[in-house]
Amino acid sequence: MEDSVLTSVILPLSLFIIMLGMGLSLVPDDFRRVVRFPKAFSVGLVNQLILLPILGFLLAVGFGLAPTLAVGLMILAACPGGVTSNLIAHVSRGDTALSITLTAINSAVTVITIPLIVSGSLAYFLGESQPVTLPVLKTIAQIVGITVLPVSIGMLVRNRAEGFATRMEQTVKIASAVLFVVITLGIIAANLDLLKEHFVSLAGVTIALNVLTMAIGFISSRLFGLTLRETITVSIESGIQNGTLAIVIATSILKMGDLALPAGIYSLVMFATGGAMMAWFGTGGRVPDEPREMKSA
């Protein structure tokens, strides 16, 4: 994918707006749930921060991906969930509060883990073949600027004008999801030939990453005795990654468009599996069991 105004300006700005919308839906009590309900949160976080990158690495090696595509897959695996995962969890009748909490805290933690995973992936897969290094401190600052900062601004707005934030919450959530879809489709359209060229080599591995992580999230949640609503959320948060952030890191930070290819194809896969989750749990006859009390104070 070539660096352009779309990837270098519009995409990071769109991600900033999307994360700002997430912040409008958050209150301090969302973070206190980590202490009050540690099991569901811990299962979700371990899946996202540890199992997902490990599985991404194993799949990259197992599928014999070209070095740049392998690094691109690792960038995707290092990214947290996003507003899209929150929306899918909500429509699927999962535990929306848990989804928001996992996304918000994971987004903050991955400010540190993304540079470490990506730097290690560059060294392992590219090695001496290409002189690419990740400016860790600059990368941390940029990720903070497009994730943590807008979320913090959104939370501040909610704290100072709760009525406004509450009225805007659902509208902004839907608008953020629509913006994500439009931007993703715009990137795909602008790089259609390149994506077609690599679709066959990347379709299998991106489907495997998405489906396996969602399955791991579901199975691990049931093994630890989580409610069905919590299980749905952990499954979605484990398998639906922030492809927009992955593309921003590849194109705007590393300036290597090829690294964004896995995230571009993954976005198509994510829409399919996310839609299946919403159709199965959101419109199915069985009503999921009620979650433990996790409402905001």
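Residues numbered from 1 in each chain as written. Predicted model: local features only at pLDDT ≥ 70, side-chain atom pairs only at ≥ 80, totals over all residues. Heavy atoms only, no water.

**Some thoughts on the overall build of the protein chain**
Alright, step 1. For the protein chain, the helix and strand inventory stands at twelve helices and zero strands.
Alright, step 2. Across the 297 residues of the protein chain, 56% fall into the buried class.
Alright, step 3. Carbon together with sulfur atoms contributes 70% to the accessible area of the protein chain, which is approximately 12,300 Å² in total. (Helix = DSSP H or I, 4+ residues; strand = E, 2+ residues; numbered from the N terminus. Buried < 20%, exposed > 50% of the residue type's maximum accessible area, 1.4 Å probe, protein only. Areas by Shrake-Rupley, 256 points an atom, 1.4 Å probe, with all protein chains shown as cover.)

**Details of the nonpolar core**
Alright, step 1. By size, the foremost hydrophobic cluster in this structure holds 65 residues, and its most contacted members are L65, I75, I114, I236 and I249.
Alright, step 2. Not counting residues within four places of it along the chain, the set of residues in contact with L65 comprises A60, A70, L73, S201, L202 and V205.
Alright, step 3. One finds A40, L45, L98 and I105 within the second-largest nonpolar core, a separate group that totals nine residues. (Core = buried A, V, L, I, M, F, W, Y, C linked by side-chain atoms within 4.5 Å. Contact = heavy atoms within 4.5 Å.)

**A word on a nonpolar patch on the surface**
Alright, step 1. A grouping of V46, I50, L51, I54, L58, L212 and I216 is seen on the molecular surface, where their side chains present a nonpolar patch of about 560 Å² in accessible area.
Alright, step 2. At the level of secondary structure, the elements contributing two or more residues to the nonpolar patch comprise helix 3 (38-62) and helix 9 (192-223).
Alright, step 3. Examining the composition of the nonpolar patch, we find that five residues originate from one element, helix 3, more than from any other.
Alright, step 4. As for its placement among the helices and strands, V46 is situated in helix 3. (Patch = residues over 30% accessible without salt bridge, like charges linked within 9 Å, V, L, I, M, F, W, Y side chains within 5 Å. Salt bridge = Lys/Arg side-chain N within 4 Å of Asp/Glu carboxyl O.)

**Observations regarding unusual backbone geometry**
Leaving glycine out, the prevailing phi sign among residues is negative, and the prevailing peptide bond configuration is trans.
Alright, step 1. One non-glycine residue, R93, lies in positive phi territory at about 60°.
Alright, step 2. The residue R93 is located in the loop between helix 5 (83-91) and helix 6 (96-126) in this model.

**A closer look at the environment of L149**
Alright, step 1. Looking at the secondary structure, you find L149 in helix 7 (residues 136-160).
Alright, step 2. It is 8.2 Å that separates the C-alpha atoms of L149 and L20, two residues lying 129 residues apart in sequence.
Alright, step 3. Filtering out sequence-adjacent residues up to four positions away, L149 remains in contact with F16 and V144.

**Observations regarding helix 3**
Alright, step 1. The end-to-end C-alpha distance of helix 3 is 34 Å, a good match for the 36 Å that 25 residues give at a rise of 1.5 Å each.
Alright, step 2. The principal kink in helix 3, of about 40°, is found at L51, preceding the proline P53 by one to four residues. (Expected span 1.5 Å × (residues − 1). Bend = angle between axes of the 7 residues up to and from the residue.)

**So, the confidence of the model for the protein chain**
Where the model shows low pLDDT, its predicted coordinates should not be examined in detail.
Alright, step 1. The predicted model of the protein chain has a mean per-residue pLDDT of 80, with 85% of residues at 70 or higher.
Alright, step 2. Contacts from residues 293-297, a stretch scored under 50 in pLDDT, to residues over four places away or in other chains number 15 contacts. (pLDDT = per-residue confidence, 0-100.)

**Some points on helix 5**
Alright, step 1. Extensive coverage of helix 5 is indicated by the burial of seven of its nine residues.
Alright, step 2. Listing the buried residues of helix 5 in full gives V83, T84, S85, N86, L87, I88 and A89.
Alright, step 3. Two residues or fewer after helix 5 comes R93, characterised by a positive phi angle close to 60°.

**Observations regarding the packing of helix 4 (residues 67-78) against helix 6**
Alright, step 1. In contact at an axis separation of 9 Å, helix 4 and helix 6 are set at 165° when each is read in the N-to-C sense. Relative to helix 6, helix 4 is oriented roughly antiparallel. In this structure, helix 4 crosses over helix 6, and the sense of that crossing is right-handed. Along the contact surface, helix 4 presents P67, T68, A70, V71, M74, I75 and A78, while helix 6 presents T110, I114, I117, V118, S121, L122, F125 and L126.
Alright, step 2. Its residues placed into classes, the contact of helix 4 with helix 6 shows twelve nonpolar, three polar and no charged. (Axes fitted to C-alpha atoms, helices over the stretch in contact; angles between N-to-C directions. Parallel < 35°, antiparallel > 145°, perpendicular 65-115°, else oblique. Left-handed = near helix turned anticlockwise from the far one by under 90°. Nonpolar A, V, L, I, M, F, W, Y, C, P; charged D, E, K, R; others polar.)

**Some words on the environment of S119**
Alright, step 1. Mapped onto the secondary structure, S119 falls in helix 6.
Alright, step 2. Note on S119: relative accessible area 29%, which makes it partly exposed.
Alright, step 3. Put simply, S119 and I75 are 44 residues apart on the chain and 9.6 Å apart in space, counted from C-alpha to C-alpha.

**With respect to the packing of aromatic side chains**
When we look at a pair of aromatic rings, we describe it by the centre distance and by the angle of the planes.
Alright, step 1. With the rule as written, the count across this model stands at four aromatic pairs.
Alright, step 2. Seen in terms of ring centroids, Y124 and F125 are 4.9 Å apart; in terms of plane orientation they differ by 85°. Their pairing is edge-to-face.
Alright, step 3. In this structure Y124 comes out as exposed when scored by relative accessible area, which is 54%. (Phe/Tyr/Trp six-rings, centres within 6.5 Å; stacked < 30°, edge-to-face > 60°.)

**A few points about the environment of K196**
Alright, step 1. Structurally, K196 can be placed in helix 9.
Alright, step 2. On the basis of relative accessibility, which here comes to 57%, the residue K196 falls in the exposed class.
Alright, step 3. Taking the C-alpha atoms as reference points, K196 and I265, 69 residues apart in sequence, are found 9.4 Å from one another.

**Notes on the side chain of D95**
Alright, step 1. Its place among the elements puts D95 in the loop between helix 5 and helix 6.
Alright, step 2. Of note is the side chain of D95, whose polar atom sits 3.2 Å from the backbone nitrogen of L98. (Polar contact = N/O pair within 3.5 Å; in protein donor to acceptor, adjacent residues only side chain to side chain.)

**Here's the deal with the packing of helix 3 against helix 4**
Alright, step 1. It is at 9 Å that the axes of helix 3 and helix 4 come closest, and there the two elements cross at 165°. What the angle tells us is that helix 3 and helix 4 run roughly antiparallel. For helix 3 against helix 4, the interelement crossing comes out right-handed. Residues Q48, L52, P53, G56, F57, L59 and A60 of helix 3 touch helix 4, and the partners they reach there are A70, L73, M74 and A77.

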